[in-house]
Amino acid sequence: GFTCAAANEMETESFQQLAKVMKQKNVSLGEDELRCLVKMVTLHGIPKDLDNYPKDLLLFLSPSDYATTGSCWQYFANVGKANLDVLQRESSQRKQLRLEALACLKIPGTQINEENAEVLGRLVCDLGGEYITSSGGILLKQLSQCESFLPDQEEAIRSVVRSGNTTFGPPSMWSASTLNELSGLIPVFDHSILQKIPKNVLTLWLKNFAYDSSLSREQLASIVEELLPSRHKRAAGCPSDKTITQEVLEDDLMPIYYTPEELHACLKNVSLVNHLSQILSYPFSVQQLAVLKRNLDETYPDGYPESLLPKLGPLAPFLTSEDISKWKISSADTLAALLRDQPSDREAAAMIKRYVTLGNRLNATALNAIGTKYVCLLNATELNAIDSNSLKIASLDPSACSQLTKDILYQKAKRALSDQHNSRAYYALIKPYLGGAPGVDLGALSKDHVNMDIETFMKLRRDSLLSLTPTEVKSLLGMNLKALTTVQNKSPIREWVQKQKQSDLDKLGVGLFGGTQEGYINFVTPKFQTPSSAPLGAVAMVFHLPALLLSFLMVLVLS
């Protein structure tokens, strides 16, 4: 791998050679690597042969940097072929490139001709809907290369295609190769466009081109949907020419041969077990997927066998909590495979519950799969099913969870790490769980001078943090103590400061203010709010009054 640190050791000249080799070998680099590459290549001035360097490098230079190599027109012709998505879509750099390109090509309004569209290349992806509409079909070919579109671009693309006023002609006249040229736009086409494309063209495209396109299974399914009759006749049984054979199961165009009703009728007595992974990669429509799910339910009324569970992928939207409650999830690997598909919180909670209900412990494999994404879904029973020792290996961050979750996880982590309590590694391992640590444990931790960062300190349990003395806080934060001043007006730091004597805060030497002055008495009165807004319990207001003034007021009141 190429790193900037290694790059700094090299001479600029040998570095320029390396960059040129990268172009020849077509090496693709990320944003940080390209920024580093530009810095090193241009250390002693801009090279005069920028065309010999990777095109993506030009994204980080300007037309004026390129002036010794060629014109701004040539510069943008190269930028248009670069991987524009290296830069964030909304980044100022990308907007600047678009504006400079339009200025260089002297495009006054929003209409772009064919020659300029060729030069702009991928920069067309950043042009607003008004450019697409004004330029007719001229931009469609370039737009087909874009990763994604904004809503106004999508609407403009649909309106231009519907008009039929393009070199490609109206959708009803398209061929499979036309559709292939525009395949990147298929996800943008709605039913009104797809239904006008001849069905034999759609079928031919699916047969010959679909699997070379970058479209997902779901996007291809929108085409399958167009090919199925809109009015499904009730299937009286499986038509004789539609029997599902081994050959059909291995044909990725299987979805276009069956209406949902036919699929249901023809799947009777067909076992999907050995083909499930394969056929679920085919572009079945939503209604067809529902039929496949129904087939599995009929085959396994008491719950799916464990071997099928990791293969359910596209059927996830159809799964109910009741389905999941029947599954045989007996291994952590199966649970991990299910969670890897990123189910919804509702489904994930049901899967974890089923796994634990069957008497399984949450070991390191299960915990790593649960991860920070799902850890907050665990209830007390499930948290207690965690194998303490697995917390040495698994990495969880419960900072967004309920206090009960943090408390249970802290105690488990503390127990798991007890043998490392005196080692340097202890703090790094226990740190994610400190939001559940009681004050007495934090006091003990302060003796280890751990240099706790202010973000971790702010996330400590409120009552634990408020119980710490200024000396303990100083030892806990160590070199990060000064950062306290940046958060002293935020809760719970503000309340902690108010609890301390100002003289003790002064000893910390970082400029904290707001503590109690010596010789002052804290006078606490309950402050009641209107019933609608009052939280449970009274909110205390603290008055700091010097003792002398207080006695004087008492004399006045009593006399």
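- The name given to the protein chain in an unreviewed UniProt entry is Mesothelin, with Struthio camelus australis as the source organism.
- Reading the Subcellular location (unreviewed entry) entry of the UniProt record for the protein chain gives the comment "Membrane".
- The UniProt entry for the protein chain carries the following text under Sequence similarities (unreviewed entry): "Belongs to the mesothelin family."

Quick word on the overall build of the protein chain
Then, number 1: Along its length, the protein chain carries 32 helices and two strands.
Then, number 2: Every one of the 559 residues in the protein chain was classed for burial, and the buried ones make up 45%.
Then, number 3: Across the protein chain, every contact between residues at least 6 apart in sequence was considered, and the portion connecting residues at least 24 apart equals 61%.

Focus: the state of the cysteines
Then, number 1: The final tally for this structure, using the stated rule, is four disulfides.
Then, number 2: Across the disulfide, Cys-72 is cross-linked to Cys-104 (sulfur-sulfur distance 2.0 Å). What sets the handedness of the Cys-72 and Cys-104 disulfide is the S-S torsion sign, and at about 90° it is right-handed. Placement of the pair is Cys-72 in helix H5 (residues 72-79) and Cys-104 in helix H6 (residues 92-104), with a sequence separation of 32 residues.

Some thoughts on the packing of aromatic side chains
Then, number 1: For the coordinates displayed, the defined rule picks out six aromatic pairs.
Then, number 2: Note on Tyr-66 and Tyr-75: the rings are 5.6 Å apart at their centroids and 55° apart in plane angle, and the pair reads as tilted.
Then, number 3: Its relative accessible area of 0% is what places Tyr-66 among the buried residues.
Then, number 4: Tyr-75 gets classed as buried once you look at its relative accessible area, which sits at 0%.
Then, number 5: With a centroid separation of 6.5 Å and an interplanar angle of 65°, the aromatic rings of Tyr-300 and Tyr-304 are classed as edge-to-face.
Then, number 6: Over the face of the ring belonging to Tyr-258 we find Lys-242, whose NZ or CZ atom lies 6.0 Å from the ring centre.

Brief notes about the packing of helix H20 (residues 332-340) against helix H21 (residues 345-357)
Then, number 1: In the contact formed by H20 and H21, the axes pass within 11 Å of each other and the chain directions differ by 175°. Overall, the two elements H20 and H21 adopt an arrangement that is roughly antiparallel. Contacts between H20 and H21 pair Ala-332, Leu-335, Leu-338 and Leu-339 from the former with Ala-348, Met-351, Ile-352 and Tyr-355 from the latter.
Then, number 2: Of the residues that constitute the contact of H20 with H21, the class distribution is eight nonpolar, no polar and no charged.

A word on the nonpolar core
For soluble globular proteins, nonpolar side chains are generally found buried alongside one another.
Then, number 1: In this structure, Phe-457, Leu-484 and Trp-496 are the most contacted members of the largest nonpolar core, which totals 86 residues.
Then, number 2: Among the elements that line this core, the one with the most residues is H21, at six residues.
Then, number 3: In terms of nonpolar packing, the next biggest core, distinct from the first, is built from 76 residues, Leu-58, Ile-107, Leu-140 and Leu-215 among them.

Description of the pattern of salt bridges
Then, number 1: With the rule as written, the count across this model stands at 22 salt bridges.
Then, number 2: Between Arg-294 and Glu-298 there is a salt bridge whose closest N-O contact spans 3.7 Å. In this pair, Arg-294 and Glu-298 are both assigned in helix H18 (residues 286-299), four residues apart and thus about one turn of the helix distant.
Then, number 3: A relative accessible area of 44% places Glu-298 in the partly exposed class.
Then, number 4: With a closest N to O distance of 3.4 Å, Arg-494 and Glu-495 form a salt bridge.
Then, number 5: Assessed through its relative accessible area of 34%, Arg-494 is described here as partly exposed.

Here's the deal with the packing of helix H16 (residues 260-267) against H18
Then, number 1: Contact geometry for H16 and H18: axes closest at 9 Å, N-to-C directions at 25°. Compared by their axis directions, H16 and H18 come out roughly parallel. At the point where H16 passes H18, the crossing takes the right-handed sense. Facing Pro-260, Leu-263, His-264 and Leu-267 of H16, the residues of H18 in contact are Gln-287, Gln-288, Val-291, Leu-292, Arg-294, Asn-295 and Glu-298.
Then, number 2: Residues of the contact of H16 with H18, tallied by class, amount to five nonpolar, four polar and two charged.

Quick notes on the confidence of the model for the protein chain
Then, number 1: Confidence in the prediction of the protein chain, expressed as mean pLDDT, is 87, and 90% of residues score 70 or more.
Then, number 2: Every residue in residues 523-545 scores below 50 in pLDDT, and together they form 30 contacts with partners more than four places removed in sequence or on other chains.

A word on the side chain of Asp-56
Then, number 1: On the secondary structure map, Asp-56 appears in the loop between helix H3 (31-41) and helix H4 (63-66).
Then, number 2: Despite its burial, Asp-56 pairs with no opposite charge, the nearest such side chain being Arg-122 at 6.4 Å.
Then, number 3: The contacts of Asp-56, once residues within four sequence positions are left out, are Leu-34, Ala-82, Asn-83 and Val-86.

A few points about unusual backbone geometry
Then, number 1: Following Ser-491, the chain continues to Pro-492 via a peptide bond in cis, the omega torsion being 5°.
Then, number 2: Its place among the elements puts Pro-492 in the loop between helix H29 (470-477) and helix H30 (493-499).
Then, number 3: One non-glycine residue, Gln-342, lies in positive phi territory at about 55°.
Then, number 4: By secondary structure assignment, the location of Gln-342 is in the loop between H20 and H21.
Then, number 5: Even without glycine at this site, His-449 takes up a positive phi of about 50°.

Quick notes on the rules
Residues numbered from 1 in each chain as written. Predicted model: local features only at pLDDT ≥ 70, side-chain atom pairs only at ≥ 80, totals over all residues. Heavy atoms only, no water. UniProt positions renumbered as here; feature names shortened; annotations may be inferred. Helix = DSSP H or I, 4+ residues; strand = E, 2+ residues; numbered from the N terminus. Buried < 20%, exposed > 50% of the residue type's maximum accessible area, 1.4 Å probe, protein only. Contact = heavy atoms within 4.5 Å. Disulfide = S-S within 2.5 Å. Phe/Tyr/Trp six-rings, centres within 6.5 Å; stacked < 30°, edge-to-face > 60°. Lys NZ or Arg CZ within 6 Å of the ring centre and 35° of its normal. Axes fitted to C-alpha atoms, helices over the stretch in contact; angles between N-to-C directions. Parallel < 35°, antiparallel > 145°, perpendicular 65-115°, else oblique. Nonpolar A, V, L, I, M, F, W, Y, C, P; charged D, E, K, R; others polar. Core = buried A, V, L, I, M, F, W, Y, C linked by side-chain atoms within 4.5 Å. Salt bridge = Lys/Arg side-chain N within 4 Å of Asp/Glu carboxyl O. Left-handed = near helix turned anticlockwise from the far one by under 90°. pLDDT = per-residue confidence, 0-100. Lys, Arg positive; Asp, Glu negative; His and termini not counted.

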